[in-house]
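Read off the chains here:
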Amino acid sequence: TQSTRPQRLLGAVQKKATRGNPRSVIQTIDQFCRQREWAMNVGDEKGCILDSVVTETNPTTVLELGTYCGYSTVRIASLLPPQARLITLEFNPDFARIARQVITWAGVQDKVELVEGASGDLIPKMKAQFGVNTFDLVFLDHWKDRYLPDTKLMEECGLLKKGSILLADNVICPGTPDYLEYVRNSPRYQSQYFKSHLEYTKVEDGLEKSVFLG
Ligand SMILES: CCCNc1ncnc2c1ncn2[C@@H]1O[C@H](/C=C/CNC(=O)c2cc(-c3ccc(F)cc3)cc(O)c2O)[C@@H](O)[C@H]1O
Ligand SMILES: [Mg+2]
């Protein structure tokens, strides 16, 4: 039977990346996506912006919406201090299965909790079921029309505190117009756009960083 692109991406990681070395896993995936098959990872250019936001936030609790193959999961987890943890939500079981193997190959599995399911169902369970109080950083990279409803849901569930950071991928391409309008006009957020390019291309894209003001 035909393999899927995520399976081929995992194969490249297991063949070429150094086990236990997150940077090697990231480099291998970027090389695979540039030289073999494009895939919707945040990529190396936007990934550097992600890295700088993670390091300056120095978060204890991070939420990622949309794991896919685990590229940004590994990127974020590799920058977290020892006690910090990253919860990543993925509702496609095939992608979750691939991501778990990428995360383990990178050796960051102790900092990551990959939860299979839809964000809309899981966000309301974060406090009771996952022992989360609030998130210091949320990385949004799932279906683009779900950024806004899930942000409102996180507000309603009391998962954001004064100073919590939302970092959203793809606010230009494919675009998240309703989300952008909300975070840029709401008095509850201070937003900043980081201009970049769509992963592995010259097309414009960018990340929007929004600080929750409480
Ligand atoms: C109920 C749905 C909402 N809740 C959800 N809860 C948990 N996981 C969810 C999810 N939605 C989607 N997912 C998962 O996130 C991932 C989806 C990501 C969607 N991303 C994109 O569409 C995307 C698309 C592009 C793109 C850009 C240009 C182009 F020509 C083609 C594609 C670039 C990107 O960087 C992207 O992130 C999948 O793994 C999916 O299974
Ligand atoms: Mg993306």
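Each chain carries its own residue numbering, running from 1 in the direction its sequence is written. Chains carry letters from A onward and ligands carry numbers from 1 onward, assigned in written order. Only residues with pLDDT of 70 or above have their local features reported here, since the model is predicted, and side-chain atom pairs are shown and tallied only from 80 upward, although totals for entire chains, interfaces and linings are computed over all residues. Computation of side-chain values: all heavy atoms of the structure, hydrogens and water removed.

**Q** Teacher, can you tell me more about the overall build of the protein chain here?
**A** Scanning the protein chain for helices and strands turns up 10 helices and seven strands. Relative to the compact-globule value of 17 Å for 214 residues, the protein chain shows a C-alpha radius of gyration of 16 Å, a close match. Seen through its principal axes, the protein chain has C-alpha atoms that stretch 50 × 40 × 35 Å. Relative accessibility under 20% of the residue-type maximum defines a buried residue, over 50% an exposed one, and the middle range a partly exposed one, all with a 1.4 Å probe and only protein chains included. For the protein chain, the residues scored as buried account for 54% of the 214 residues in total. Counting from the N terminus, the helices are the DSSP runs of H or I reaching at least four residues and the strands are the DSSP runs of E reaching at least two. The reference for a compact globule is 2.2 Å times residues^0.38; the radius of gyration itself is calculated from the C-alpha atoms.

**Q** Teacher, can you tell me more about unusual backbone geometry here?
**A** It is generally the case that most residues other than glycine have a negative phi and that most peptide bonds are trans. Here the residue pair Cys173 and Pro174 is connected by a cis peptide bond, since its omega of 10° sits within 30 degrees of zero. Position of Pro174 among the secondary structure elements: in helix α9 (residues 171-175). With a phi angle near 45°, Asn58 is a residue other than glycine that sits in the positive phi range. Mapped onto the elements, Asn58 comes out in the loop between α3 (43-57) and β1 (61-65).

**Q** Just checking my understanding: could you explain the pattern of salt bridges for this structure?
**A** Two side chains that carry opposite charge are able to pair once their charged atoms sit near each other. Put simply, a salt bridge is a Lys or Arg side-chain nitrogen that is within 4 Å of an Asp or Glu carboxyl oxygen. Enumeration over the complete set of coordinates arrives at 17 salt bridges. Close ionic contact of Glu37 with Arg5 constitutes a salt bridge, the shortest N to O distance being 3.2 Å. One end of the pair, Glu37, is in the loop between α2 (22-35) and α3; the other, Arg5, is in helix α1 (residues 5-16), with 32 residues separating them in the sequence. Relative accessible area serves as the criterion here: at 34%, Arg5 is assigned to the partly exposed category. We note a salt bridge from Lys209 to Glu56, for which the minimum N-O separation is 2.6 Å. Placement of Lys209 in strand β7 (residues 204-212) and of Glu56 in helix α3 is noted, with a sequence separation of 153 residues between them. One continuous salt-bridge network, built from bridges that share partners, spans Lys46, Asp169, Glu199 and Asp205.

**Q** Explain a nonpolar patch on the surface here, please?
**A** On the surface, a nonpolar cluster with roughly 440 Å² of combined accessible area is contributed by Trp38, Met40, Phe91 and Trp143. Structurally, Trp143 is set in the loop between β4 (135-140) and α8 (147-156). Think of a patch as exposed residues, more than 30% relative accessible area, with no salt bridge, where like charges cluster within 9 Å and nonpolar side chains (Val, Leu, Ile, Met, Phe, Trp, Tyr) cluster within 5 Å. The Shrake-Rupley method, run with a 1.4 Å probe sphere, supplies the accessible areas, and residue values consider only the shown protein chains as cover.

**Q** Can you walk me through the packing of aromatic side chains in this structure?
**A** Aromatic rings considered in pairs are described by the distance between their centres and by the relative angle of their planes. Whether two aromatic rings pair depends on their centres lying within 6.5 Å, for rings of Phe, Tyr and Trp, where Trp uses its six-membered ring; planes under 30 degrees apart make the pair stacked, over 60 edge-to-face, and the rest tilted. With the rule as written, the count across this model stands at five aromatic pairs. Judged by centre distance (5.6 Å) and plane angle (85°), the rings of Tyr147 and Tyr179 are edge-to-face. Within this pair, whereas Tyr147 is found in helix α8, its partner Tyr179 is found in helix α10 (residues 177-185), the two being separated by 32 residues in sequence. Across this residue pair, the class does not change: Tyr147 and Tyr179 are buried. Put simply, the rings of Tyr182, Tyr189 and Phe212 touch in pairs and so form one group of aromatic residues. Criterion for a charge above a ring: Arg CZ or Lys NZ at most 6 Å from the ring centre, at most 35 degrees from the ring normal. For the cation-ring pair, Arg19 lies above Trp105, with the distance from its terminal atom to the ring centre recorded as 4.2 Å. Lying across the ring of Tyr182, Lys152 places its NZ or CZ 5.2 Å from the centre.

**Q** Help me understand the coordination of the magnesium ion (ligand 2), please; the structure alone is not making it clear to me.
**A** Under ideal tetrahedral coordination, the four donors around a metal are separated by 109.5 degrees; under ideal octahedral coordination, the six donors are separated by 90 or 180 degrees. Each metal's donors are the N, O and S atoms within 2.8 Å of it, or within 3.2 Å when it is Na, K or Ca, and because water is not part of the set, sites may look incomplete. All of the protein donors around the magnesium ion (ligand 2) are Asp141 (OD), Asp169 (OD) and Asn170 (OD1); their distances to the metal are 2.0 to 2.2 Å. Mapped onto the polypeptide sequence, the residues donating to the magnesium ion (ligand 2) form the spacing pattern D-x27-D-N. Owing to a relative accessible area of 0%, Asp169 belongs among the buried residues under this scheme.

The values reported here are purely geometric and, on their own, carry no functional implication.
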